[in-house]
Amino acid sequence: MDSGQGRMIDVMPQAVSSSAVFRRLLSMLRPQLGSIALGMTLLLVSIPAELFPAFVWKFVADGLVVGKLDSTTAVLREWFSFGGRLSSWPAVLISSLAWMLGLYLVYELFSTLSRNIMERVAQRFILDLRNRVYHKLQSQSLGYLQRQRTGDLMSRAMGDVDELQAFTVNGIDVIIGEGLLWLMTVVVVMTIDWRVASAALAPLLVVYVLLRIFNARVAPIYKAARERAAEVNTRLQENLSGVPVIKIFGREAHESRRFREATERYYSQQVRAINARSLYFPFTRSVGFVSNVAMLGVGGWLILTNRGFTVGSLLMFRAYWWRLFGPIQTLARVNDMVMRAIAAARRVFEVLDAPDELPDAPDATRLDRVRGELALRDVCFDYPGEAPPTPTAASAPRHVLRNVSLRVEPGQTVALCGPSGAGKSTILYLLLRFYDPLHGIVTLDGVDLRSIQRDSLRSHFALVQQESFLFNESVLDNIRYGHPEATLEQAVAAAQAANAHGFISRLPQGYHTPVGERGVRLSGGQKQRISIARAFLSNPRILLLDEPTSSVEPESEAAIIAALDRLMAGRTTVLTSHRPSLINQADVVYVIEDGKVTDRGTPSELRQRNAWFERFVRSADDPDWIDGDTGPLPECSQSD
Ligand SMILES: Nc1ncnc2c1ncn2[C@@H]1O[C@H](COP(=O)(O)OP(=O)(O)OP(=O)(O)O)[C@@H](O)[C@H]1O
Ligand SMILES: [Mg+2]
């Protein structure tokens, strides 16, 4: 199994450093600066309140128990006794405890408000990010989307964004909240006694070095873990959509094994990450504990040797110890969260940064009304991402389309016919500007498609394909998919024109019957007629029909052809079909073989002079021969 199959998107260079990714992630929080500032302010107010209880400890120990007032305790005594109004020690003790409790409540209130705001910021960030990813994917060209694996894209939009959610929701709170608290604590302990504080903080340098090593080791592991997760997702998605094929060929065991292999690869990356964490985290924790030892050692020594350190200060340091080293312990966890977020963010940014492959020209115009004249002029085309055709000694370079020129007059019906794989559907995609040609030009009413805004261009087209895609909604919603504002009456009229009204009326809930995923509850012919009704309702100037009757049985075909006749009336139509009955309705037929136009004429002209076409019409009942691989082509292949 290809171990790199989770990575399909081919942009963002790995050279982008982790810190750049991290900075970009933070810069995306910019629109919410207002809320962040409010949250931080509340946090800043809450921190002194949080740090206060340790002062009470010191006051009670030094000021009340030992009876030794230094500058700090003197100020506190002033506060707790309300400027000397309370004089007995029980009253001052109770007052100091009340202060302690009161300020704790202030801390709780402010920090809760602040956390609430910060968590909303994080959720809003994720909301926007996920929608940005969706919007980007939706606006991407078909070529880009077809090169990706759906499961991989889904895992970027869901799993990777979720990973970022874990980081932003917990990370912002922990990084900013604990970080600020930690900094203030450092300032306070440094002011109380820099000697004890330095001894206690020194081991942090070791923690820092350890984390740097850990990060370098774990970054590729987390990246691989995200890719393996995408691989699992891709397998799941493909297997669920391919269930009928898996069942028909009895490949359940095989697919289960492949799925298991994918999950095991994911598992083994996770185990590598767990091992890395088990190796480094205990070190950081132990180093944290060493500082506890240093604090007690240096503090005790200073008290015993009478060097200006008091028992109250030692108690206070002890009270702050958790404030100093709790965050160090969380630091390892947060650092880990950041590393994972960076791995996920890279994958999300790859989607966001993928260039638009089909940009509109800068001066692209809207075409509000069109006559419906279409043309391809000397068009060559290859699907993007394919290796460019390489000329060999034996053969000239082969493109999917080679120097194709064709012209469709307004209101005309033009049929493209030719062997399977010749390039007929590709021509329809170029007309819709799903792709741009490599050379040559495609025009609508004489205007290069690249100079027409894409949405305005496509609003003039309807496409009916061999397999029509229906959404898991009601029949009615599917008919008016392109025009949700249409009334029930309009939808019914469209369905009648599409010969669909009869069967829809017999469905359990009529027009409100849900069609199931991709329309599984309907037959092929029924789905096709719903998609024809959809085309009727959108009333396009130009109609593209790509084998509209190929997947239905003859009885249904008659009803569909009758509906298509009505639909084609008065519109420009380009159709492809392997059914002569449909081809015969065309004004002009182009024979496409091996990416080239090899003949052009009315159906009757071609029947007379084109051997391929004559055989095509005659062999309608035996579609096998149409496949381009079955034997040499008749003489209608013309020279280049
Ligand atoms: N998305 C794609 N990516 C790469 N190559 C493609 C893609 N779609 C089609 N092709 C290739 O382009 C060529 C033309 O395909 P196209 O679908 O246009 O043929 P067609 O004439 O419509 O065939 P059929 O009659 O079977 O529908 C084929 O060789 C096919 O393999
Ligand atoms: Mg086709």
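For the structure itself, consult the block above.
Some points on the overall build of the protein chain
Scanning the protein chain for helices and strands turns up 21 helices and ten strands. For the protein chain, the spread of C-alpha atoms along the principal axes amounts to about 120 × 60 × 55 Å. Counting across all 640 residues of the protein chain, residues that qualify as buried make up 48%. Residue pairs at least 24 apart in sequence account for 78% of intrachain contacts in the protein chain once pairs closer than 6 positions are excluded. Counting only carbon and sulfur atoms, one obtains 58% of the accessible surface of the protein chain, whose full area is about 30,900 Å². For the protein chain, the distance from the average position of its 69 positive side-chain charges to the average position of its 65 negative side-chain charges is 8 Å.

Section: the sheet that holds strand β4 (residues 439-444)
Taken in spatial order, the four strands of this open sheet run β2-β1-β4-β5, and their pairing is antiparallel. Each edge of the open sheet carries a strand with a single partner, namely β2 (401-408) and β5 (447-448). Pairing of strand β1 (residues 374-381) with β2, which is carried by five bridges, proceeds in the antiparallel orientation. Among the inter-strand pairings, V379 is bridged to a residue of β2, identified as V404. With respect to the sheet, helix α12 (residues 424-431) is in contact with β1, β2 and β4, its orientation differing from that of β1 by roughly 115°.

A few points about the pattern of salt bridges
For the coordinates displayed, the defined rule picks out 35 salt bridges. The shortest N-O distance in the salt bridge between D160 and R347 comes to 2.6 Å. Taken together, the residues span a long stretch of sequence, with D160 in helix α6 (residues 150-192) and R347 in helix α11 (residues 311-353) at a distance of 187 residues. Both residues of the pair, D160 and R347, count as buried.

Here's the deal with the nonpolar core
I479, I504 and I532 are the most contacted members of the largest nonpolar core, which totals 47 residues. Setting aside chain neighbours within four positions, we find I532 in contact with V464, A498, I560, A563, L564 and L567.

Notes on the packing of aromatic side chains
According to the stated counting rule, one finds 19 aromatic pairs in the structure shown. Summarising the aromatic geometry, the rings of F469 and F471 are spaced 5.1 Å apart at their centres and angled 75° between planes, so their arrangement reads as edge-to-face. By relative accessible area, F469 is classed as partly exposed at 39%. Pairing F613 with F616 gives two aromatic rings, centres 5.7 Å apart and planes at 45°, and the pair type is tilted.

Considering empty space enclosed by the protein
Going through the model one piece at a time under the given rule, you end up with five cavities of 30 Å³ or more. Taken as a whole, the second largest cavity encloses approximately 50 Å³ of empty space. The residue inventory of the lining of the second largest cavity, partitioned by class, reads six nonpolar, no polar and four charged.

Some remarks on the packing of helix α7 (residues 194-201) against helix α8 (residues 203-241)
One can describe the packing of α7 onto α8 by two numbers: an axis separation of 5 Å at closest approach and a directional angle of 25°. What the angle tells us is that α7 and α8 run roughly parallel. Facing A199, A200 and L201 of α7, the residues of α8 in contact are P203, L204 and L205.

Some thoughts on helix α17 (residues 524-538)
Here α17 is 15 residues long and its end C-alpha atoms lie 21 Å apart, about the 21 Å a rise of 1.5 Å per residue gives. Following α17 by one or two positions, N539 has its phi on the positive side, about 45°.

So, α8
The end-to-end C-alpha distance of α8, which contains 39 residues, comes to 55 Å, matching closely the 57 Å that a straight helix rising 1.5 Å per residue would cover. A bend of about 35° at V218 is the largest found in α8, and the proline P220 appears one to four places after it.

Examining the environment of L42
Tracing the backbone shows L42 in helix α2 (residues 33-66). Judged by its relative accessible area of 15%, L42 is buried. Distance from L42 to L142, taken between C-alpha atoms, is 48 Å for residues 100 residues apart in sequence. For L42, the residues in contact, after removing those within four places along its chain, are F110, L113, S114 and I117.

As for the sheet that holds strand β3 (residues 413-417)
Spatially, the six strands line up as an open sheet ordered β6-β7-β8-β3-β9-β10, and their pairing is mixed. One side of each edge strand has no neighbouring strand; the edge strands of this open sheet are β6 (461-464) and β10 (596-601). In this sheet, neighbouring strand axes are inclined to one another by 15° on average, regardless of whether the strands run parallel or antiparallel. Alignment of strand β9 (residues 588-593) against β10, held across five bridges, turns out to be antiparallel.

Digging into the site of ligand 1
Close to ligand 1 lie 14 residues, the nearest being S420, G421, K424, S425 and T426. A distance of 3.2 Å separates an oxygen atom of ligand 1 from a polar atom in the backbone of A422. Between E547 and ligand 1, the recorded distance is 3.4 Å, taken from a side-chain N or O atom to an oxygen atom. When the free accessible area of ligand 1 is taken as 630 Å², the share hidden by the protein chains comes to 64%.

Considering the pairing of β4
As paired elements, β1 and β4 share five bridges and run antiparallel to each other. Within β4, the residue paired with L376 across the bridge is V442. In the sheet, β4 pairs with β5 via two bridges, with the strands oriented antiparallel. Counterpart to L444 in the pairing with β5 is V447. Connecting β4 to the antiparallel partner β5 that follows it, the hairpin turn spans two residues, and D445 within it adopts a positive phi of roughly 50°.

About the thresholds
- Residues numbered from 1 in each chain as written.
- Chains lettered and ligands numbered in written order.
- Predicted model: local features only at pLDDT ≥ 70, side-chain atom pairs only at ≥ 80, totals over all residues.
- Heavy atoms only, no water.
- Helix = DSSP H or I, 4+ residues; strand = E, 2+ residues; numbered from the N terminus.
- Buried < 20%, exposed > 50% of the residue type's maximum accessible area, 1.4 Å probe, protein only.
- Contact = heavy atoms within 4.5 Å.
- Areas by Shrake-Rupley, 256 points an atom, 1.4 Å probe, with all protein chains shown as cover.
- Lys, Arg positive; Asp, Glu negative; His and termini not counted.
- Charge placed at Lys NZ, Arg CZ, Asp CG, Glu CD.
- Pairing = 2+ DSSP bridges.
- Axes fitted to C-alpha atoms, helices over the stretch in contact; angles between N-to-C directions.
- Salt bridge = Lys/Arg side-chain N within 4 Å of Asp/Glu carboxyl O.
- Core = buried A, V, L, I, M, F, W, Y, C linked by side-chain atoms within 4.5 Å.
- Phe/Tyr/Trp six-rings, centres within 6.5 Å; stacked < 30°, edge-to-face > 60°.
- 1 Å grid on protein atoms, 1.4 Å probe; cavity = no way out; pocket = protein on both sides within 12 Å on 5 of 7 lines; lining within 4 Å.
- Points joined across faces, edges and corners; volume = space filled by probe spheres on them.
- Nonpolar A, V, L, I, M, F, W, Y, C, P; charged D, E, K, R; others polar.
- Parallel < 35°, antiparallel > 145°, perpendicular 65-115°, else oblique.
- Expected span 1.5 Å × (residues − 1).
- Bend = angle between axes of the 7 residues up to and from the residue.
- Near = heavy atom within 4 Å.
- Polar contact = N/O pair within 3.5 Å; in protein donor to acceptor, adjacent residues only side chain to side chain.

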